[in-house]
Amino acid sequence: MTATLTPDVYQDDIALSLARVIAVANKRARESGVDVLQSFITVTQQPLDGSIVWRVSYGPRDYLSRRGGDLIIDVEPDDTSIKQVLHGQ
């Protein structure tokens, strides 16, 4: 399903920031061996070292009765630098 983005979408700073953050996190996740398309992805904002970062978590889609194994990537929204990468056990 394709959608045409209207000009007002390109004026939404949060949407554009989040798109950049997801692209950076997906690249790092793939480099870490994660099948992004088969992951359950969640995005939240988290405080880290006095600033706010976007936390992108990649977990299994069949997460019931499973523990660990998630990949968590914290990305600075202003410059899209990766602040930390956490691997679940």
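Looking only at helices and strands, the chain has one helix and four strands in total. Across its three principal axes, the chain shows a C-alpha extent of roughly 45 × 40 × 25 Å. Residues classed as buried in the chain amount to 25% of the 89 residues present. At a minimum sequence separation of 6, the contacts of the chain that also span at least 24 residues come to 35%. Accessible surface, the chain: about 6400 Å² in total, of which carbon and sulfur atoms supply 52%.

Quick look at unusual backbone geometry now. Residues other than glycine seldom take positive phi values, yet Asp 49 does so here, at roughly 55°. Of note, Thr 80 is a non-glycine position whose phi angle comes to about 55°, a positive value. Relative to the helices and strands, Thr 80 is located in the loop between strand E3 (71-75) and strand E4 (82-87). Residue Thr 80 is classed as partly exposed on the basis of its relative accessible area of 21%.

Taken together, Leu 5, Val 9 and Tyr 10 make up a surface patch of nonpolar side chains, about 270 Å² in accessible area. Within the fold, Val 9 resides in the segment before helix H1 (13-31).

All told, the structure shown has two salt bridges when counted by the stated rule. In this structure, Lys 27 and Glu 31 form a salt bridge, with 3.2 Å as the shortest nitrogen-oxygen distance. Here Glu 31 and Lys 27 lie together in helix H1, a separation of four residues that amounts to about one turn. Asp 74 serves as the salt-bridge partner of Arg 55, at 2.7 Å between the closest nitrogen and oxygen. Taken together, the positions of Arg 55 in strand E2 (residues 51-60) and Asp 74 in strand E3 put the pair 19 residues apart, joining distant regions of the chain. Asp 74 gets classed as buried once you look at its relative accessible area, which sits at 0%.

Cut-off values and rules
- Residue numbering note: each chain is counted from 1, following its sequence as written.
- Owing to the predicted nature of the model, reporting of local features is limited to residues with pLDDT of at least 70; listing and counting of side-chain atom pairs is limited to 80 or more, with chain, interface and lining totals taken over all residues.
- Water and hydrogen atoms were dropped before computing side-chain values, which therefore reflect all heavy atoms in the structure.
- Only DSSP runs of H or I reaching four residues or more are called helices, and only runs of E reaching two or more are called strands; each is numbered from the N terminus.
- Each residue gets one of three labels from its accessible area relative to the maximum for its type: buried under 20%, exposed over 50%, partly exposed in between, using a 1.4 Å probe on protein chains only.
- We call two residues contacting when some pair of their heavy atoms lies within 4.5 Å.
- Note on areas: Shrake-Rupley with a 1.4 Å probe; residue coverage comes only from the protein chains shown.
- Nonpolar side chains (Val, Leu, Ile, Met, Phe, Trp, Tyr) within 5 Å and like charges within 9 Å form the patches, drawn only from residues with over 30% relative accessible area and no salt bridge.
- By definition here, a salt bridge exists when the distance from a side-chain nitrogen of Lys or Arg to a carboxyl oxygen of Asp or Glu is within 4 Å.

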